[in-house]
There are 2 protein chains.
Amino acid sequence: MTSVGGRRSGRARDERAERGIPEATVARLPVYLRALTALSDLDVATASSEDLAVSAGVNSAKLRKDLSYLGTYGTRGVGYDVNYLRYQIAREIGLTQDWPVVIVGIGNLGHALANYSGFASRGFRVAALLDSDRARVGEKVGELPISSLDDLEEIVRASSVSIGVIATPAAAAQDVCDQLVAAGVSSILNFAPALLAVPDHVDIRKVDLSIELQILAYHEQRKAAGLAEIKADAG
Amino acid sequence: MTSVGGRRSGRARDERAERGIPEATVARLPVYLRALTALSDLDVATASSEDLAVSAGVNSAKLRKDLSYLGTYGTRGVGYDVNYLRYQIAREIGLTQDWPVVIVGIGNLGHALANYSGFASRGFRVAALLDSDRARVGEKVGELPISSLDDLEEIVRASSVSIGVIATPAAAAQDVCDQLVAAGVSSILNFAPALLAVPDHVDIRKVDLSIELQILAYHEQRKAAGLAEIKADAG
DNA sequence: AAGAGTTTGTGAACGCGAGAACAAAATCGT
DNA sequence: ACGATTTTGTTCTCGCGTTCACAAACTCTT
């Protein structure tokens, strides 16, 4: 409990940022970043936690607590310097560096993702587009040509890719996932409606359109049932 | 506390399903449904909570508790009848009926969504594609022609649409959202990277690619930092 | 028919995250 | 220079969701 702790080096570092920002907070940092960027574009120099909270759509106490995990970047009685805080959050997330990304599966969705401008604007760069259909290899999508899935390993090594996006049909997803992991990719964003198994050291997140719609349908049905009940009681 | 409760009608109903399935459970029901469908396709007649939990990628106790909110559909010592449970979950979510959906913003993403086969296979039907660009009105995407955003209200009324999907640029999202709400849509799935304000009675869910990537980047950076630290300590 | 073996449904403990509330620290006005 | 005001950073409490653990309920074997 005294002096040397764990495998920390001797150099003093910011204790607060050292270990463990709660996952819920991490998920909100990009939202704050977006709000700060919007304020910055409007030439707002400083903003209170309340201002920011409104822009981000969260409770101000929650926002202050979230920011406190990063460090003490605010000034009591004043608020937060918009550009300074924006930089600090960007640095914390890792957006001060460039992240090469490969997209696997260039169907309708892969196409859309390849052309998505939100990639480049936030430090993500599409390094390659891959598809298992040999007939499509060479075809251009925007600036980039489609490469063969066989070249995955070489591309990942050559461009130091650590993030992969899966936009294949569900049936192919696990196989592609395994290949990505074997090639050295350690973060995966999965758009295929399938459960993917990965080793512990690999992070995986899924985006599932169909699930989102089903959740909406559940609530929608509930609203309709409530109305029907009121009607029945009245009649 | 006795006899007549709230605005319930006199008819007895299943108390369990009557009110309030936890939101976390609702979000998992579609996952269970997918797992059950997969098992059904493999002609598996019954499955234990453990089997299902593995297929769905969750803890079996959690799965049992989730299912218990719907009713008592399992048999102790045996497990769950796959097809029966599948039907019950589908009914609970509201997938026994057909949900017409409108998609607004037919750019790259809107195109991909319009052609997404996962829609139809789960009871969602694309009723119309809308775009504000008059030059594109009439253009066909798959089977459907693009309609003008001006016709939104009529389309919503004619087809009893209650779910809308926003796939426009961020700048247009709030305006489109307001129009959807005004037309009578009460559930919205938003793909635009923008915070949308809606009345209380409207449900909204967002899917944000850029945020997902940023979350992955944070963890990726963390892994890299950890490695660097170990290297530095060793050297 | 009765005991052995399974598997569900649920009570209880625990941990995390949300939000209220407040002390500490900065600015501003006089 | 000092009190009033603003706003942060943090402590505390509460509720929700996850997980463990076990009694109840069912099947199967003999």
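For the structure itself, look to the data block above.
Since the structure is predicted, the reported quantities are computational estimates derived from the model, not experimental observations.

Student: Which residues make up the interface of chain A and chain B, and what values go with them?
Tutor: At the interface, 71 residues of chain A touch 71 residues of chain B. Regarding the contact of chain A and chain B, the summed buried area is about 6,400 Å², with carbon and sulfur atoms giving 60% of it. For chain A, the biggest contributors to the area lost against chain B are A:Gln214, A:Leu216 and A:Tyr218; these three give 11% of the whole. Applying the counting criterion to the chain A and chain B interface returns 6 salt bridges. With a closest N to O distance of 3.4 Å, A:Asp203 and B:Lys223 form a salt bridge. Only helix 1 (15-18), helix 2 (23-41), helix 3 (49-56), helix 5 (82-93), helix 6 (108-115), strand 9 (187-190), strand 10 (203-206) and helix 10 (209-234) of chain A provide two or more residues apiece to the side of chain A that touches chain B.

Student: Account for the packing of helix 2 (residues 23-41) of chain B against helix 5 (residues 82-93) of chain B, with residues named and values stated.
Tutor: Residues and elements named next belong to chain B. Put simply, helix 2 and helix 5 touch, their axes get as near as 9 Å, and they point 150° apart. For the element pair helix 2 / helix 5, the angle class is roughly antiparallel. Note on packing geometry: the crossing formed by helix 2 with helix 5 is left-handed. Mapping the contact onto sequence places Leu-29, Pro-30, Tyr-32, Leu-33, Leu-36, Thr-37, Leu-39 and Ser-40 in helix 2 and Val-82, Asn-83, Leu-85, Arg-86, Ile-89, Ala-90, Glu-92 and Ile-93 in helix 5. For the contact of helix 2 with helix 5, the per-class residue count stands at 11 nonpolar, 3 polar and 2 charged.

Student: Go over the protein's contact with DNA strand D, please, and point to the residues and values.
Tutor: Taken together, 27 residues lie near DNA strand D, and A:Ser49, A:Tyr80, B:Arg28, B:Lys65 and B:Arg76 sit nearest. In this structure, a phosphate oxygen belonging to DNA strand D sits 3.4 Å away from a side-chain N or O atom of B:Lys62. The side chain of B:Arg76 places a nitrogen or oxygen atom 2.8 Å from a base nitrogen of DNA strand D. Elements supplying a minimum of two residues to the surface near DNA strand D: helix 4 (60-70), strand 2 (74-75) and strand 3 (79-81) of chain A together with helix 2 and helix 4 (60-68) of chain B. The leading source of residues in the surface near DNA strand D is helix 4 of chain B, at 4 residues. Taken together, the residues of the surface near DNA strand D sort by class into 7 nonpolar, 11 polar and 9 charged.

Student: Account for the packing of aromatic side chains, naming residues and giving values.
Tutor: Residue and element names in this part refer to chain A. Enumeration over the complete set of coordinates arrives at 4 aromatic pairs over all chains. Arranged with centres 5.7 Å apart and planes meeting at 85°, the rings of Tyr-73 and Tyr-84 form a pair that is edge-to-face. With Tyr-73 in the loop between helix 4 and strand 2 and Tyr-84 in helix 5, the pair connects residues that are 11 residues apart, well separated along the chain. Assessed through its relative accessible area of 41%, Tyr-84 is described here as partly exposed.

Student: Any chance you could break down the sheet that holds strand 5 (residues 124-131) of chain B for me, citing the residues and the numbers?
Tutor: Residue and element names in this part refer to chain B. Read across the open sheet, the 7 strands follow the order 6-7-5-4-8-9-10; overall the sheet is mixed. The open sheet has two free edges, formed respectively by strand 6 (140-141) and strand 10 (203-206), since each of these has just one partner strand. As defined by bridge partners, strand 9 (residues 187-190) adjoins strand 10 across 4 bridges and the pair is classed as parallel. Each residue of the ladder has a partner; that of Ser-187, found in strand 10, is Asp-203. In the packing of helix 7 (residues 152-159) onto the sheet, the strands contacted are strand 4 (99-104), strand 5 and strand 7 (144-148), and the crossing angle to strand 5 comes to about 165°.

Student: Explain the relation of the copies chain A and chain B residue by residue, including any values.
Tutor: In the superposition of chain A on chain B (RMSD 0.0 Å, axial shift 0.0 Å), the rotation amounts to 180°. What the rotation and shift describe, once combined, is the action of a two-fold rotation axis. When you check the interface residues of chain A against chain B, 100% turn up at the interface there too, and the contact is symmetric in its surfaces.

Student: Before we move on, can you summarise unusual backbone geometry with the specific residues and values?
Tutor: Residue and element names in this part refer to chain A. If you check the backbone angles, Asp-43 has positive phi at about 60° while not being a glycine. Looking at where Asp-43 falls in the secondary structure, it is placed in the loop between helix 2 and strand 1 (46-47). Classification of Asp-43 by relative accessible area gives exposed; the value is 70%. You will see that Ser-160, though not glycine, has its phi angle at about 50°, which is positive. Its place among the elements puts Ser-160 in the loop between helix 8 (152-159) and strand 8 (163-166). Of the residues examined, Ser-160 reaches a relative accessible area of 54% and is grouped as exposed.

Student: Describe the pairing of strand 9 of chain A, with residues and values.
Tutor: All names here are of chain A. With burial as the criterion, each face of strand 9 is covered, one bearing Ser-187 and Leu-189 and the other bearing Ile-188 and Asn-190. Strand direction decides the pairing type here: strand 8 and strand 9, joined by 4 bridges, are parallel. Pairing of Gly-164 across the sheet is with Ile-188, part of strand 9. In this fold, the crossover linking strand 8 to strand 9 by way of helix 9 (residues 170-183) has right-handed handedness.

Calculation notes
Residues numbered from 1 in each chain as written. Chains lettered and ligands numbered in written order. Predicted model: local features only at pLDDT ≥ 70, side-chain atom pairs only at ≥ 80, totals over all residues. Heavy atoms only, no water. Contact = heavy atoms within 4.5 Å. Buried area = accessible area lost by both parts, 1.4 Å probe. Salt bridge = Lys/Arg side-chain N within 4 Å of Asp/Glu carboxyl O. Helix = DSSP H or I, 4+ residues; strand = E, 2+ residues; numbered from the N terminus. Axes fitted to C-alpha atoms, helices over the stretch in contact; angles between N-to-C directions. Parallel < 35°, antiparallel > 145°, perpendicular 65-115°, else oblique. Left-handed = near helix turned anticlockwise from the far one by under 90°. Nonpolar A, V, L, I, M, F, W, Y, C, P; charged D, E, K, R; others polar. Near = heavy atom within 4 Å. Polar contact = N/O pair within 3.5 Å; in protein donor to acceptor, adjacent residues only side chain to side chain. Phe/Tyr/Trp six-rings, centres within 6.5 Å; stacked < 30°, edge-to-face > 60°. Buried < 20%, exposed > 50% of the residue type's maximum accessible area, 1.4 Å probe, protein only. Pairing = 2+ DSSP bridges. Least-squares fit on C-alpha atoms with pLDDT ≥ 70 in both. Right-handed = clockwise from strand over helix to strand, strands pointing away.

The quantities given are spatial measurements derived from coordinates; they are silent on function.
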